[in-house]
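Fold and geometry: a report
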Amino acid sequence: MPGKHLSVVVTRRLPEVVETRLKELFDVELREDDTQMTADQLAEAMGRADVLVCTITDQIDAKLLGRAGDQLKLIANFGAGVDHIDVATARQRGIHVSNTPGVVTEDTADMVMALILGVTRRMAEGLRVAQSDSWGGWAPTAMLGGRIKGRRLGILGMGRIGQAVARRAAAFGMQVHYHNRKRLRPEIEEELDATYWESLDQMVARVDILSINCPHTPSTFHLMNARRLKLMKPDAVIVNTSRGEVIDENALTRMLRAGEIAGAGLDVFERGYEINPRLQALPNAILLPHMGSATLEGRIEMGEKVIVNIKTFADGHRPPDLVVPAML
């Protein structure tokens, strides 16, 4: 299937350099604006495209895949997470799914550290004071936060991003603890100077800061539920740059309001871009609009991976980032 004759539909605006390269290589249909496609628009796109380039905002479930045309053979996801795609149904229909793993690792790990510092040093509160007329000047006891050196950091999910966070945390003098579906190899544990906890309950009860870095799967939905959140120390902080569904957001909000958890730094939310108003009103929560991987360099690298996956497929070969059931 020669590239220039391959019909490619892109569901969202991508960096200009990525869109231009797609246009050079394929018969591509780009978005005029950056609004999210409706389900009907996605179905229409899947009815005419050989390749669909989608993003995390596109919910491609079994019902939608049932409306896809027989010519659709590849869904090239612009992003590493594929929990918004029914991969099993796609495979049953002969549709390959690819993603862009590894690209967002360093950028997301940077954001984890930014949120840890932001919450523990009360940066959002300080910003509000500095931008208001209420600041009366420096005082010895004003805006006191906490030092992160020597604190115990618990990492929930020790994949690429979790390990990158561990390396940064070590540079800040933090003690690294982790819980993962599978224990790391001894040499990696030694390199990271990381302590493994088979019991998540035991780990969360002992750490000062908890970083969520696991994917959203049926087994991780509300993994940090009300019961488990109550195990955390009242002066502990929780940071989530992974998926909002991993935390019971209502329970977290109640505990933050009650002072049962000291603070939270959240880049993702349980209901996507619909943020709980009670959570927005809390002074001890830093909320970001899913900025963890939002660097120009990262987005371009993601686009390059999408192009390589499509071009390899067009040349009759297996896309290098093909998603297989064992990965889910």
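The following refers to the structure shown. Positions within a chain are numbered from 1, following the residues in the order the chain's sequence is written. The model is predicted, so local features are restricted to residues of pLDDT at least 70 and side-chain atom pairs to those at 80 or more, both for listing and for counting; the totals for chains, interfaces and linings are taken over all residues. Only hydrogens and water are removed before side-chain values are computed, so all heavy atoms of the structure are retained for them.

1. With respect to the overall build of the chain
Numbered from the N terminus, helices here are DSSP runs of H or I no shorter than four residues, and strands are runs of E no shorter than two. When you go through the chain residue by residue, the secondary structure sums to 13 helices and twelve strands. Taken over C-alpha atoms, the radius of gyration is set against a globule rule of 2.2 Å times the number of residues to the power 0.38. The C-alpha atoms of the chain give a radius of gyration of 22 Å, which matches the 20 Å a tight globule of 328 residues would have. Seen through its principal axes, the chain has C-alpha atoms that stretch 70 × 50 × 35 Å. Should any heavy atoms of two residues lie within 4.5 Å, those residues are counted as being in contact. Taking all contacts inside the chain whose residues are at least 6 apart in sequence as the whole, residues at least 24 apart take part in 60%. Shrake-Rupley sampling with a 1.4 Å probe provides the accessible areas, and residues are treated as covered by the protein chains on show and by no other component. Surface accessibility of the chain: about 16200 Å² in total, with carbon and sulfur atoms responsible for 52%. Here the chain carries 40 positive and 42 negative side-chain charges, and the mean point of each set is 5 Å from the other. Lys and Arg are tallied as positive, Asp and Glu as negative. Neither His nor the chain termini are counted. The atom standing in for a charge is NZ when the residue is Lys, CZ when it is Arg, CG when it is Asp and CD when it is Glu.

2. A look at empty space enclosed by the protein
In this analysis, the protein atoms alone were mapped onto a 1 Å grid. Cavities are point sets where a 1.4 Å probe fits without being able to get out; pockets are open sets with protein on both sides within 12 Å along at least five of seven lines; lining residues have an atom within 4 Å of a point. Grid points are joined across faces, edges and corners, and a volume is the space filled by probe spheres set on the points. Applying the stated criterion across every chain, the model contains one cavity of 30 Å³ or more. Reported here for the largest cavity is a volume of approximately 40 Å³. N240, G244, I247, E249, L252, L266, V268, F269 and E270 together form the lining of the largest cavity. Here the lining of the largest cavity is composed, by residue class, of five nonpolar, two polar and two charged. Note on residue categories: nonpolar means Ala, Val, Leu, Ile, Met, Phe, Trp, Tyr, Cys or Pro, charged means Asp, Glu, Lys or Arg, and polar means any other residue, Gly included.

3. Description of the sheet that holds strand β11 (residues 263-266)
Taken together, seven strands build an open sheet; the order of strands is β8-β7-β6-β9-β10-β11-β12 and the sheet is parallel. This sheet does not close on itself; its edge strands, each paired only once, are β8 (194-196) and β12 (285-287). Averaged over all pairs of adjacent strands, the angle between their axes in this sheet comes to 20°, without regard to strand direction. DSSP-based pairing: two strands are paired if at least 2 bridges between them are found. Pairing analysis gives five bridges linking strand β6 (residues 152-156) to strand β7 (residues 175-179), with the strands arranged parallel. Of the residues in β7, the one forming a bridge with L156 is H179. Axes, fitted as lines to C-alpha atoms, cover a helix only where it is in contact. Angles between the N-to-C directions of the axes lie from 0 to 180 degrees. Here helix α7 (residues 160-171) sits on the sheet in contact with β6 and β7, set at roughly 170° to β6.

4. As for the nonpolar core
If you look at the biggest cluster of nonpolar residues, it comprises 28 residues, and the most contacted ones within it are L210, I212, M224, L229, M232, I238 and L252. Secondary-structure elements contributing two or more residues to this core are α9 (200-204), β9 (209-212), α11 (249-258) and β11. At four residues, α11 tops the list of elements feeding residues into this core. In contact with I238, not counting residues within four places along its chain, are L210, I212, L229, M232, I247, L252, G263, A264 and G265. In this description, a nonpolar core means a group of buried Ala, Val, Leu, Ile, Met, Phe, Trp, Tyr and Cys residues linked to one another through side-chain atoms lying within 4.5 Å. Residue burial is assigned from relative accessible area. The probe radius is 1.4 Å, only protein chains are included, and a residue is buried under 20% of its type maximum, exposed over 50%, and partly exposed in between. Judged by nonpolar contacts, the second largest core, of 27 residues, contains I116, Y178, L192 and V239.

5. Some points on the packing of aromatic side chains
The aromatic pairing rule takes the rings of Phe, Tyr and Trp, using the six-membered ring of Trp, and pairs them if the centres are within 6.5 Å, calling planes under 30 degrees apart stacked, those over 60 edge-to-face and the rest tilted. The full count for this structure, using the stated rule, is one aromatic pair. Seen from their ring centres, Y178 and Y196 are 5.2 Å apart, and the 50° between their planes marks the pair as tilted. You can see Y178 sitting in strand β7 and its partner Y196 sitting in strand β8, a full 18 residues away along the chain. Of the residues examined, Y178 reaches a relative accessible area of 0% and is grouped as buried.

6. Quick word on the packing of helix α1 (residues 16-25) against helix α13 (residues 296-314)
Direction vectors running N to C along α1 and α13 enclose 15°, while the axes themselves pass 9 Å from each other. Judged on the interaxial angle alone, α13 and α1 are roughly parallel. Once α1 is placed against α13, the crossing between them reads as right-handed. The residues of α13 that touch α1, namely those facing V17, V18, R21, L22 and L25, are R299, I300, G303, I307, I310 and K311. Residues of the contact of α1 with α13, tallied by class, amount to seven nonpolar, one polar and three charged. In these notes the angle categories are as follows: under 35 degrees is roughly parallel, over 145 is roughly antiparallel, 65 to 115 is roughly perpendicular, and the rest is oblique. Crossing handedness is read from the near helix: turned anticlockwise from the far helix by less than a right angle, it gives a left-handed crossing, and turned clockwise, a right-handed one.

7. Quick look at α13
One less than the residue count of a helix, multiplied by 1.5 Å, gives the span that helix is expected to have. With 19 residues, α13 should reach 27 Å at 1.5 Å per residue; the first-to-last C-alpha distance of 27 Å fits that figure. Residues of α13 that are buried: G298, M302, G303, V306, I307, N309, I310, F313 and A314. Residues of α13 that are buried make contact with β1 (7-10), α1, β3 (51-54), β4 (74-77), β5 (96-98) and α5 (105-120). A positive backbone phi angle near 90° is found at G316, which sits one or two residues after α13.

8. Focus on helix α2 (residues 39-48)
For α2, the complete set of buried residues consists of L42, A43, A45 and M46. What you see down the axis of α2 is that its buried residues fit within an arc of 160°, all on one side. Contact partners of the buried residues in α2: β1, β3 and α3 (62-65). Of all possible arcs, the one meant is that of the directions from the helix axis to the C-beta atoms.

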